[in-house]
Amino acid sequence: MSVTPIRIMGDPVLRTPAAPVVDFDKELHQLVADLTDTMHAAGGAGLAAPQIGVGLRVFTWYVDGEVGHLVNPDVVPVGEDVERDAEGCLSIPGYRFDCDRYLTVAATGWDMHGEPIRVEGSHKLARAIQHETDHLDGVLFVDRLDAEAREAALSVLAGAEWQGHPSYVPDGSPLPAPVVKVSPH
């Protein structure tokens, strides 16, 4: 098992767009294994390479018992339906905020062996794919909140116990994930 430290909000790697993968080699296979092991240890639904300090366009997911990964993803919404639900992030541990995401998406890309794949998902899988693709673009889910909700969320996060820490190593214990309701009123 190769559990890797997860970078925390504030680390510049989380705000830097990731580079496309060009070599589908042993190092990429190890990266996918590290992402998968770390995601499972942290109890997450997904993990992107920048979250473990690697600036490449790769992410893994674990939703409804299905484990997968995608390299160099291209994601498009299927339809216009949007769902608001509590969303969390392993790089913002212990907090969840209501965030709008497309209900259904289609993602194309490659697996770690360089074979093309297409994934279509709704609800949790669609949310995970959008969330992890955002990480590859240097975007955190709190950036997707409307202006007032984002300001309230950032105010709450300013007092988080992990502020000032660059990373943490998940130990297999689920992180507390209280849903924080922020009202624009």
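In this numbering scheme, every chain counts its residues from 1 along its sequence in written order. With pLDDT at 70 or above as the cut-off, local features in this predicted model cover only qualifying residues; side-chain atom pairs require 80 or more to be listed or tallied, and sums for whole chains, interfaces and linings still use all residues. Hydrogen atoms and water are omitted, and side-chain values are computed over all heavy atoms in the structure.

Caption draft 1: Up close: unusual backbone geometry. In the Ramachandran plot, Asp64 falls in the positive-phi region, its phi being about 50° despite a non-glycine side chain. Here Asp64 lies in the loop between β3 (58–63) and β4 (66–77). Three exposure classes are used, based on accessible area relative to the maximum for each residue type with a 1.4 Å probe and protein chains only: buried under 20%, partly exposed in between, and exposed over 50%. Relative accessible area serves as the criterion here: at 69%, Asp64 is assigned to the exposed category. Notably, His123 is not glycine yet its phi reads approximately 50°, a positive angle. On the secondary structure map, His123 appears in helix α2 (residues 123–136). A run of H or I in DSSP counts as a helix once it spans at least four residues, and a run of E counts as a strand once it spans at least two, with each numbered from the N terminus.

Caption draft 2: Spatial organisation of the sheet that holds strand β8 (residues 116–122). If you walk across this open sheet you meet the five strands as β2-β3-β4-β7-β8, and the pairing is antiparallel. The two strands at the open ends of the sheet, each matched to only one other strand, are β2 (46–48) and β8. Going across the sheet, the axis of each strand differs from the next one's by a mean of 40°, ignoring polarity. Here strand β7 (residues 104–110) pairs with β8 via seven bridges, running antiparallel. Each bridged residue has a counterpart across the sheet, and for Ala107 the counterpart in β8 is Val119. Contact criterion: two residues are considered in contact whenever any of their non-hydrogen atoms come within 4.5 Å of each other. In this analysis, axes come from line fits to C-alpha atoms, helices being fitted only over the stretch in contact, and the angle between any two N-to-C directions falls in the range 0 to 180 degrees. Seen against the sheet, α2 touches β2, β3, β4, β7 and β8 and runs at an angle of roughly 160° to β3. Two strands form a pair only when DSSP identifies at least two bridges running between them.

Caption draft 3: Geometry of the packing of aromatic side chains. Side-chain rings of Phe, Tyr and Trp (the six-membered ring for Trp) are treated as a pair once their centres are within 6.5 Å; stacked means planes under 30 degrees apart, edge-to-face means over 60, and tilted covers the remaining angles. Inspection of the entire model under this criterion finds four aromatic pairs. Judged by centre distance (6.4 Å) and plane angle (5°), the rings of Tyr95 and Phe97 are stacked. The two residues Tyr95 and Phe97 agree in class, both being buried. Taking 6.4 Å as the distance between ring centres and 80° as the angle between the ring planes, the aromatic pair formed by Tyr95 and Trp162 counts as edge-to-face. Of the two residues, Tyr95 sits in strand β6 (residues 92–102) while Trp162 sits in the loop between α3 (147–157) and β9 (167–168), which places them 67 residues apart along the sequence. Each member of the pair Tyr95 and Trp162 is classed as buried. Aromatic rings pair up to connect Tyr95, Phe97, Phe141 and Trp162 into one cluster.

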